[in-house]
Amino acid sequence: MDRSNLIKPMLDAQYPVIDYGRGVYLYDTDGKEYLDASSGAITANIGHGVEEIIEAMHEQAKKVSFVYRSQFTSGAAEKLALKIAEAASGDLNWSFFVNSGSEATETAMKIAIQYWQEKGILTKTKVLSRWMSYHGITLGALSMSGHTGRRARFIPLLEDFPVVHPPYCYRCPYNLEPTDCGYLCAHELETVIKRIGADNIAAFIAEPVIGAAGGAITPPKDYYRIIKEICDRNDILFIADEVMTGFGRTGTMLACEQWNVKPDIVALGKGMGAGYAPIAAALVSDEIMEPIFSGSKSIMSGHTLSANPQSCAVSLAVLEYIEKNNIIPEVDSKGVYLKNKLIKLQSKFTFIGDVRGKGLMLGLEFVKDHLTKQPFSSRFGLTQRLIQGAQEQGLLIYPAGAGTVGTDGDAVLIAPPLTITKREIDDLVKRFEKTLQILAQKHLI
Ligand code: PLP
């Protein structure tokens, strides 16, 4: 293309033009094949070009694509809300549909604040979060995000919500070993609550497995149990940001189920529409909805395209596809298969410092020296070199480092569609190994 009027992420970069996608593979207009090992942005959870979803889009479009949510409800939105309530554990029975993950976390924040208001408590307005977190790009969502890079330009416009350390065991903030640490990073939450005053705090928000802000940072066994106990003891709601982990990514419908923790509100996005349509949701428990039902009877949020029938029909078809094809129960074994292969690469390439993650949400962190864990300087731009090098080998991986893993630090996410086969995982690892070999040979790593 000689001329473009499209504002792209990097204005001076040349982007390949994508032609079509099938399963875990994408093809550009030059015929180059890419194995989509990042599901785009951890979104295309059932792969590309799935006929059933295209069919469902077509069927809904033939009926009606848009109705305004203040005038009508639709069969698609009602069925989707019911399906999600049945699929989610516990009493997470109420869906508020929006269009992006940022809208979902921001809506979750507003519902948490409204919940306390309905109970007559007007001071509980702060939402605590963690360093190395990303909850979205809108100002409310950024206010809750500990992602220093994405916040920097907008600091004067953002709420300065307090943050605590994440359970980043590879570089423990307390310099302790995971088995012997007393979960100080979880208990830090209580210290901060005491400092700020529980009367001022509506909720604590966390990604069950930290995605783009850290590279699949996975907490040790009791972390969320302790976090939830602290939240309950202090009358603080727990919002699980499952925008990346939702709909099976870690091997359970919601990642929180892995630790048997019941959130009060869940933010969903990405995998909900699996890339076929923009749709996201704040999923709310009976207990949180109760005072709103008996109080103002309306949630003070919403968008023109909230509960859009077209998007809801897609999301419903995605959920049905996941169920029909028994996709979630297979995620764990596929994840273990892939992770073991990545761990094997660690012995060949000592600059792979850590391999971590759950299910098919895996992360690798890269270090200059694996004994001292010294990171590469951020000026070296390793994450970008890896992404680019992989793309040259026809492999798409997702950046999670370059200034987000601490101030220096490089990590990537490997999170292919959940439908990937073992043969395709072998192909993925082959392309990744070749990428690392070439970068090492050229002294680019
Ligand atoms: N929350 C998490 C955990 C995310 O990973 C993201 C996006 O990467 C968001 C929220 C924001 O979602 P969106 O980009 O759809 O606004």
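Residues numbered from 1 in each chain as written. Predicted model: local features only at pLDDT ≥ 70, side-chain atom pairs only at ≥ 80, totals over all residues.

(A) Region of interest: the overall build of the protein. Counting secondary structure elements, the protein contains 13 helices and 15 strands. A globule of 445 residues ought to have a C-alpha radius of gyration of about 22 Å, and the protein, at 21 Å, matches this closely. For the protein, the spread of C-alpha atoms along the three principal axes comes to 65 × 55 × 45 Å. Relative to its full complement of 445 residues, the protein shows a buried share of 50%. Considering only intrachain contacts with a sequence separation of at least 6, the fraction spanning at least 24 residues in the protein is 73%. (Helix = DSSP H or I, 4+ residues; strand = E, 2+ residues; numbered from the N terminus. Rg over C-alpha atoms; globule rule 2.2 N^0.38 Å. Buried ≥ 20, exposed ≤ 12 C-beta atoms within 10 Å, placed from the backbone. Contact = placed C-beta atoms within 7 Å.)

(B) Quick look at the environment of Phe432. Here Phe432 shows up in helix 13 (residues 422–441). Dropping the residues within four chain positions of it, Phe432 is found in contact with Ala390 and Leu395.

(C) Spatial organisation of the site of the ligand. Lining the immediate environment of the ligand, one finds 16 residues, of which Ser100, Gly101, Ser102, Gly136 and Val243 sit closest. In terms of residues, the shell around the ligand owes the most to one element, helix 4 (residues 101–118), which gives three residues. Residues that form the shell around the ligand fall into these classes: six nonpolar, eight polar and two charged. (Near = placed C-beta within 6 Å. Nonpolar A, V, L, I, M, F, W, Y, C, P; charged D, E, K, R; others polar.)

(D) Highlighting the sheet that holds strand 12 (residues 361–366). The sheet built from four strands is open, its strands ordered 11-12-15-14 with antiparallel pairing. Unpaired on one side and paired on the other, strand 11 (352–358) and strand 14 (398–399) mark the two borders of the sheet. Pairing of strand 11 with strand 12 involves six bridges; the strand directions are antiparallel. Bridging across to strand 12, Gly357 finds its partner in Leu362. The strands that helix 11 (residues 328–348) touches are strand 11 and strand 12; relative to strand 11, the one it contacts most, it runs at about 175°. Its contacts with the sheet place helix 12 (residues 382–392) against strand 12, strand 14 and strand 15 (410–414), and it is angled at close to 35° to strand 15. (Pairing = 2+ DSSP bridges. Axes fitted to C-alpha atoms, helices over the stretch in contact; angles between N-to-C directions.)

(E) Local environment of unusual backbone geometry. Phi angles above zero are rare outside glycine, and Asn260 is one such case at about 55°. Positionally, Asn260 belongs in the loop between strand 8 (237–241) and strand 9 (265–268). Assessed through the 10 C-beta atoms surrounding it within 10 Å, Asn260 is described here as exposed.

(F) Main features of helix 12. Turning to helix 12, its buried residues are Leu382, Thr383, Leu386, Ile387, Gly389 and Ala390. Each buried residue of helix 12 sits inside an arc of 165° when the element is viewed along its axis, so together they form one side. In this fold, the buried residues of helix 12 make contact with strand 12, strand 13 (395–396), strand 14, strand 15 and helix 13. (Arc of directions from axis to C-beta.)

(G) Fine view of the domain arrangement of the protein. We note that the domain assignment places domain 1 (18–49 + 329–441) and domain 2 (53–324) within the protein. Put simply, the middle of domain 1 and the middle of domain 2, counted by C-alpha atoms, are 26 Å apart. Put simply, the parts of the chain that give the side of domain 1 that touches domain 2 at least two residues each are helix 1 (39–42), helix 11, strand 11, strand 12 and strand 15. By residue number, the principal contributor to the side of domain 1 that touches domain 2 is strand 12, which donates five residues. Considered class by class, the residues forming the side of domain 1 that touches domain 2 number 16 nonpolar, eleven polar and six charged. (Domains from an automatic or database assignment.)

(H) Spatial organisation of the sheet that holds strand 5 (residues 126–130). Taken together, the seven strands give an open sheet; going across it, the order is 4-10-9-8-7-5-6, and neighbouring strands pair in mixed fashion. Of all the strands in the sheet, just strand 4 (92–98) and strand 6 (163–164) have a single pairing partner and so form its edges. Relative to strand 8, strand 7 (residues 201–206) runs parallel, the two sharing four bridges. Bridge pairing in strand 8 places Ala206 opposite Ala240. In the packing of helix 9 (residues 286–294) onto the sheet, contacts are made with strand 4, strand 8, strand 9 and strand 10 (280–285), and the angle to strand 10 comes to roughly 85°.

(I) Spotlight on the nonpolar core. The biggest cluster of nonpolar side chains holds 135 residues, and the ones touching the most others in it are Ala112, Ala203, Leu237, Ile265, Val318 and Ile397. In terms of residue count, helix 10 (residues 309–324) provides more of this core than any other element does, nine residues in total. If you count residues domain by domain, this core takes at least three from each of domain 1 (18–49 + 329–441) and domain 2 (53–324). The residues touching Ala203, leaving out its near neighbours within four places in the chain, are Met109, Ala112, Val127, Ile236, Leu237, Phe238 and Ile239. (Core = buried A, V, L, I, M, F, W, Y, C linked by C-beta atoms within 7 Å.)

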